[in-house]
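# Architecture and fold: a report
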Amino acid sequence: MIVLKRMLDQHRATLITGQLDITVTDEQLPLNDLLTFGARQNPKRRYLFISKVLGKYVPCYPRVMRRSYQQLAATILKEGVHGNIRVLGVAETATGLGAGVAQELQRQTNTSLLYSHTSRYELKNPISFSISEVHSHAPSHIIYELDDELQSIDIETLVIVDDEISTGQTLEQLTRQLCDRNPKLKKVIWVCLVNWLSEDRRAQLQASVPQLELVFCSLLSGHFQFEPNEDVALGLPEKTATGLCSIDQSEESIHAQKSRTGYHVTDSQAFSFVGPNQQVLAVSDFDPEQAYMIIGTGEFTFQPFLFAEEMEQHGLDVLMQSTGRSPILEGEGVDRKESFFDESHDGMLHLYNRCVSRKPIMLYETVDQYLKCPVRTSINATAGILSDRLESA
């Protein structure tokens, strides 16, 4: 169990891998409402800030996730945006967060904007560039070229969304690369749930791109120190998913999804999920007396969130979470851990803190991922696949 002590605006979390000392300098939401903490099984970084509002490692009500999107979008708009806007989510954790923020920006401004996210999937599409997230167990990020019809749009405001920012190295790489490719760019906004950058580091980052205005938006800001417990030896678990994913490219499923090659954001998205028998999963068919758990898979979280949100709006009791690559030790911020080898990711994936009393519904981006994911059978989950995938399956 985490021992979390608060002293004025200071917090201390004692983990098996070390001790986190945290100072909060600004907050829209209290730290205890936003975060818990975990011991990461990764020698590069032994701790993990586990979001309570992301719907990833901690199950979350869709309405709470939506509220975080709304709050971040409102914070962005207070800083001001210029001209055409592009929002970029950072995989794996912030793909859904980025899409949700983009949707709320569109709703609150009623203007057209573009969304895409970085990826660890190998596609046939042209690659714009790649970067490395040095502290990650899976460091490679691919940024694909936008679809042809989007490349002629002159972007003036770039919004980069991640769940938390510690050093800024990953987003700094993205900013430099996208600045070089967007000559009309005037403003870059770094958006996250939690920002740990010091004022000196923020000034340094701004100085590195003097031609741009660099702005930081978050629900909580502060700084932290971590004192490792050197008595705990850490290594990545066997078969950790560290590389890029290969999928059955013949079905063209990832290309059709557009989240990696860009799309115009609208107030609502038309989509549906179907079961293996091609029967549509209809919210009206679910039992109102049953509690449910919607489980997204890897980078595929936004459509599962929208499905969970629709269920909630129809009066169903539903939580949202998703599988992930990151290896976290059980016991600190993680009450339950289910690990499984996923052939489509060529490594172990994990499902954390699942509430076993809820009926699980696992939602997949592709038929290939559905066929190669064994956990759905072990937890007796209902399965759904994004419907436009089945025509070529």
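Notes on the structure in this doc start here. Source: prediction; values computed, not measured. (Residues numbered from 1 in each chain as written. Predicted model: local features only at pLDDT ≥ 70, side-chain atom pairs only at ≥ 80, totals over all residues. Heavy atoms only, no water.)

## Notes on the overall build of the protein
Regarding its fold elements, the protein presents nine helices and 21 strands. Here the C-alpha radius of gyration of the protein, 20 Å, is about what a compact globule of 393 residues would show, namely 21 Å. Expressed along its principal axes, the backbone C-alpha trace of the protein runs to roughly 55 × 55 × 40 Å. For the protein, the residues scored as buried account for 60% of the 393 residues in total. (Helix = DSSP H or I, 4+ residues; strand = E, 2+ residues; numbered from the N terminus. Rg over C-alpha atoms; globule rule 2.2 N^0.38 Å. Buried < 20%, exposed > 50% of the residue type's maximum accessible area, 1.4 Å probe, protein only.)

## As for the sheet that holds strand E16 (residues 291-296)
Within a sheet, adjacent strands bond to each other through the backbone by hydrogen bonds, running parallel or antiparallel. Pairing within the open sheet is mixed, and its five strands lie in the order E15-E21-E20-E16-E17. Two strands bound the open sheet, and with one partner strand each, they are strand E15 (273-274) and strand E17 (317-322). (Pairing = 2+ DSSP bridges.)

## Let's talk about the nonpolar core
Leu20 and Met311 are the most contacted members of the largest nonpolar core, which totals 63 residues. Each residue touching Met311, except ones within four places of it in the same chain, is listed here: Val283, Phe286, Tyr292, Ile294, Leu316, Val318 and Ile361. By size, the runner-up hydrophobic cluster in this structure holds 26 residues, among which are Leu114, Leu150, Leu158 and Ile160. (Core = buried A, V, L, I, M, F, W, Y, C linked by side-chain atoms within 4.5 Å. Contact = heavy atoms within 4.5 Å.)

## Quick notes on helix H3 (residues 95-109)
The periodicity of an α-helix, 3.6 residues per turn, causes residues three or four places apart in sequence to face the same way. The end-to-end C-alpha distance of H3, which contains 15 residues, comes to 21 Å, matching closely the 21 Å that a straight helix rising 1.5 Å per residue would cover. With 12 of its 15 residues buried, H3 lies for the most part within the structure. What H3 keeps buried is the set Thr95, Gly96, Leu97, Gly98, Ala99, Gly100, Val101, Ala102, Gln103, Glu104, Leu105 and Gln106. Where H3 ends, the next residue or the one after it, Asn110, has phi of about 55 degrees, a positive value. (Expected span 1.5 Å × (residues − 1).)

## Examining the environment of Gly275
Note that Gly275 resides in the loop between E15 and E16. By relative accessible area, which is 5% here, Gly275 ends up buried. Remark: the alpha-carbon pair of Gly275 and Leu319, spanning 44 residues in sequence, is separated by 20 Å.

## Considerations on the environment of Ala383
Topologically, Ala383 is positioned in strand E21 (residues 382-386). As for Ala383 and Met362, which are separated by 21 residues in sequence, their C-alpha atoms are 5.0 Å apart.

## Brief notes about the pattern of salt bridges
The full count for this structure, using the stated rule, is 19 salt bridges. In this structure, Glu156 and Lys186 form a salt bridge, with 3.3 Å as the shortest nitrogen-oxygen distance. One end of the pair, Glu156, is in strand E10 (residues 155-161); the other, Lys186, is in the loop between helix H4 (169-181) and strand E12 (187-195), with 30 residues separating them in the sequence. Residue Lys186 is classed as partly exposed on the basis of its relative accessible area, which comes to 47%. Salt-bridge contacts for Arg358 lead to Asp317; the nearest nitrogen and oxygen are separated by 2.9 Å. One end of the pair, Arg358, is in the loop between strand E19 (347-352) and strand E20 (359-364); the other, Asp317, is in strand E17, and 41 residues separate them in sequence. Look at Arg358 and you get buried, because its relative accessible area is 9%. What you see here is one network of salt bridges that share partners, running through Arg66, Glu104, Arg107 and Glu309. (Salt bridge = Lys/Arg side-chain N within 4 Å of Asp/Glu carboxyl O.)

## Focus on the side chain of Arg376
When you line up the elements, Arg376 lands in helix H9 (residues 375-378). Of the side chains with opposite charge, Asp342 lies nearest to the buried Arg376, which makes no salt bridge, at 8.5 Å. Within the local environment of Arg376, its side chain forms a polar contact with the backbone oxygen of Tyr370, the two atoms lying 2.9 Å apart. Within the structure, Arg376 has its side chain in polar contact with the backbone oxygen of Cys373 (distance 3.3 Å). Aside from chain neighbours lying at most four places away, what touches Arg376 is Met362, Tyr364, Tyr370, Leu371, Ala381 and Ala383. (Lys, Arg positive; Asp, Glu negative; His and termini not counted. Polar contact = N/O pair within 3.5 Å; in protein donor to acceptor, adjacent residues only side chain to side chain.)

## Observations regarding the packing of aromatic side chains
Each aromatic ring pair is characterised by the separation of its centres together with the angle its planes make. By the definition in use, this model includes 18 aromatic pairs. Ring centres 5.7 Å apart and planes at 75 degrees place the aromatic pair Tyr364 and Tyr370 in the edge-to-face group. A single burial state applies to Tyr364 and to Tyr370, both of which are buried. Within the aromatic cluster, the residues linked to one another by ring pairs are Phe37, Tyr47, Phe49, Trp196, Phe224 and Phe226. Directly above the aromatic system of Tyr61 lies the positively charged group of Arg63, at a separation of 4.3 Å from the ring centroid. Directly above the aromatic system of Phe216 lies the positively charged group of Arg202, at a separation of 5.2 Å from the ring centroid. (Phe/Tyr/Trp six-rings, centres within 6.5 Å; stacked < 30°, edge-to-face > 60°. Lys NZ or Arg CZ within 6 Å of the ring centre and 35° of its normal.)

## Re the packing of helix H2 (residues 62-79) against H3
At a minimum axis separation of 8 Å, H2 and H3 run at an interaxial angle of 60 degrees. When the axis of H2 is compared with that of H3, the two are oblique. Classified by chirality, the crossing of H3 by H2 is right-handed. Every residue of H3 that contacts H2 at Arg66, Ser68, Tyr69, Gln70, Leu72, Ala73, Ala74, Ile76 and Leu77 is listed here: Gly96, Leu97, Gly100, Val101, Gln103, Glu104, Leu105, Arg107, Gln108 and Thr109. Among the residues forming the contact of H2 with H3, the class breakdown is nine nonpolar, seven polar and three charged. (Axes fitted to C-alpha atoms, helices over the stretch in contact; angles between N-to-C directions. Parallel < 35°, antiparallel > 145°, perpendicular 65-115°, else oblique. Left-handed = near helix turned anticlockwise from the far one by under 90°. Nonpolar A, V, L, I, M, F, W, Y, C, P; charged D, E, K, R; others polar.)

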